[in-house]
Amino acid sequence: MASDISKTFKNTEKRVSKNKLDAEYLILSEPTTEDITFSHPVFVQCGLPLRHKKGRREWLVEHGDLSLHIQAGVVAEGRSRKLVNTDIPSGSAARIGFSHIHNHIIRAASLDEACNVDLGKSFRSYCEKYRIPIGGKNSKSISREIVNIGQAKMTIGLFGEKGRAKTINVPQIADNVDFWIERDDRQAAIWNPSLTINPRYAETVRERGVPEDMRALIGLYENTGAMDVYKWLSYRCPRVSNPKGVFIPYIGKNGLHKSFGKSIASPRKFKQSFLEWLKEAIRFYPDANVKSDSNGIRLFYSQAPVPPEISQSKSMYFTKTILKKLEIKHQVLSSGDGSSIDDEIPY
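Rules of the game
Residues numbered from 1 in each chain as written. Predicted model: local features only at pLDDT ≥ 70, side-chain atom pairs only at ≥ 80, totals over all residues. Heavy atoms only, no water. Phe/Tyr/Trp six-rings, centres within 6.5 Å; stacked < 30°, edge-to-face > 60°. Helix = DSSP H or I, 4+ residues; strand = E, 2+ residues; numbered from the N terminus. Lys NZ or Arg CZ within 6 Å of the ring centre and 35° of its normal. Core = buried A, V, L, I, M, F, W, Y, C linked by side-chain atoms within 4.5 Å. Buried < 20%, exposed > 50% of the residue type's maximum accessible area, 1.4 Å probe, protein only. Contact = heavy atoms within 4.5 Å. Pairing = 2+ DSSP bridges. Axes fitted to C-alpha atoms, helices over the stretch in contact; angles between N-to-C directions. Parallel < 35°, antiparallel > 145°, perpendicular 65-115°, else oblique. Nonpolar A, V, L, I, M, F, W, Y, C, P; charged D, E, K, R; others polar. Salt bridge = Lys/Arg side-chain N within 4 Å of Asp/Glu carboxyl O. pLDDT = per-residue confidence, 0-100.

A. Examining the packing of aromatic side chains more closely. This model, assessed by the stated rule, comprises 6 aromatic pairs. With centroids separated by 6.4 Å and ring planes inclined at 70°, the aromatic side chains of Tyr-250 and Phe-274 adopt a geometry described as edge-to-face. Of this pair, Tyr-250 sits in the loop between β12 (246-249) and α11 (256-260) while Phe-274 sits in helix α12 (residues 267-284); the two residues are 24 residues apart in sequence, bridging distant segments of the chain. One aromatic cluster is present, built from ring pairs that chain together Trp-232, Tyr-250, Phe-260, Phe-270 and Phe-274. Against the face of Trp-59 rests Lys-262, its NZ or CZ located 5.1 Å from the ring centre.

Given below as structure tokens:
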């Protein structure tokens, strides 16, 4: 039975359409402190690109009174012994990478410790921890995104009433990026990356990190649009105070297309894609109270997917106990026994 579970996790690309076990387990249990990760408050509102585009060096996305501009950087490459251009962090691998970095920043005992992120001794340890398929192509994509994250430069724009505006510049997310691959005695590739995070960036994550259920992000891996919608709903729904809800149109000045659809030019195709992402995201956030019509969606107050008493704990998260729980759930099913923006986001 355990081998069946392992095969399931190795086929993440097929999980969204074929594997319902993850969502079935999620809706039956609340997360524990081991399941929680965190996001930067800007990234839950302004998403990264869904996928890479050759030659893209800049990314601009807007969400209400918040704008995010990201510029790709340059990194020293050991193999060529040259400075080479990095890319804009993109896709599911970048989002998982950010979650891991942010979790370390939150859990660290001090700011100094938070700024020094050791990302693991090998690709295997990193991928296995997050239940991401282990393979050459996938490992390369993760390593690339870690470097892209470290070298990225950000500018955040905050806009208020009466022409009020605030510009926040992030020269670079990481002050230093060390990245190399060695071989052990068995000739296995040993991944040795580390980041020295910009202290100001780390301070913001520690003060305003948005809690997320890591199990949901894993379940939505390879469905990047649904992952972004889940992150946004988990941040936005618990903050709705109007009993009539908050209406957000698909298209328009403050529409969903500006936040989630930069890579989809056709409004009709965007609406179709967004509704598919929304349906999948709600599978992992069943308490989200969201209504949709032909013009947009309406958000109502919903209990956060991560209760405050859990998200405020400093315990480490996401151990292998989750895999054991999923194995138990799988055995039971198989046996037939049961089947609005903060004005002062500092960074």
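From this point on, the discussion continues.
B. Representation of the nonpolar core in the model. Ile-197, Leu-233, Phe-274 and Ile-297 are the most contacted members of the largest nonpolar core, which totals 75 residues. If you tally residues by element for this core, the top one is helix α4 (residues 91-107), at 7 residues. Those residues in contact with Ile-297, other than ones at most four positions away along the chain, are Trp-232, Val-246, Phe-247, Ile-248, Tyr-250, Leu-256, Phe-274, Leu-278, Val-290, Lys-291 and Ser-292.

C. Structural detail: the sheet that holds strand β7 (residues 153-159). In space, the 4 strands of this open sheet follow the order β2-β3-β7-β8, with antiparallel pairing throughout. With partners counted over all chains shown, the strands left at the sheet margins are β2 (58-63) and β8 (165-170), one partner each. Here the strands of the sheet are splayed against their neighbours by 10° on average, with no regard to which way each runs. As paired elements, β2 and strand β3 (residues 66-71) share 6 bridges and run antiparallel to each other. Bridging across to β3, His-63 finds its partner in Leu-66.

D. Structural context of the packing of α4 against helix α8 (residues 199-208). Between α4 and α8, the shortest axis-to-axis distance is 9 Å and the interhelical angle comes to 80°. By the angle between their directions, the pair α4 and α8 is classed as roughly perpendicular. In this structure, α4 contributes Phe-98, His-102, Ile-105 and Ile-106 to the contact, and α8 contributes Tyr-201, Ala-202, Val-205 and Arg-206. Its residues placed into classes, the contact of α4 with α8 shows 6 nonpolar, 1 polar and 1 charged.

E. Structural view of the pattern of salt bridges. On inspection of all chains with the given rule, the structure shows 6 salt bridges. Salt-bridge contacts for Glu-62 lead to Lys-258; the nearest nitrogen and oxygen are separated by 2.7 Å. Taken together, the residues span a long stretch of sequence, with Glu-62 in strand β2 and Lys-258 in helix α11 at a distance of 196 residues. Judged by relative accessible area, which is 30%, Lys-258 ranks as partly exposed.

F. Here's a closer look at the confidence of the model for the protein. Taken over all residues, the pLDDT of the protein has a mean of 76, while the share at 70 or more is 71%. Looking across the protein, the model is least confident in helix α1 (residues 2-10), with a mean pLDDT of 32, and most confident in strand β14 (residues 296-299), with 96. Here residues 1-21 is modelled with pLDDT under 50, and outside its nearest four sequence neighbours on either side it reaches 41 contacts, counting other chains as well.

G. Region of interest: unusual backbone geometry. With phi around 55°, Arg-81 is a residue other than glycine that occupies positive phi space. Counting through the fold element by element, Arg-81 comes out in the loop between β4 (74-77) and β5 (82-85). Even without glycine at this site, Glu-222 takes up a positive phi of about 80°.

H. Here's a closer look at the sheet that holds β14. In space, the 3 strands of this open sheet follow the order β12-β14-β13, with antiparallel pairing throughout. Bordering the open sheet on either side are β12 and β13 (290-292), each of which pairs with just one other strand. Strand-to-strand twist of the sheet, defined as the mean angle between neighbouring strand axes without regard to direction, takes the value 20°. Taken together, the 4 bridges between β12 and β14 define a ladder with antiparallel strand orientation. When the bridges of β14 are listed, Val-246 appears paired with Leu-299. Sitting on the sheet, helix α10 (residues 224-236) touches β12, β13 and β14, and the angle it makes with β14 is about 40°.

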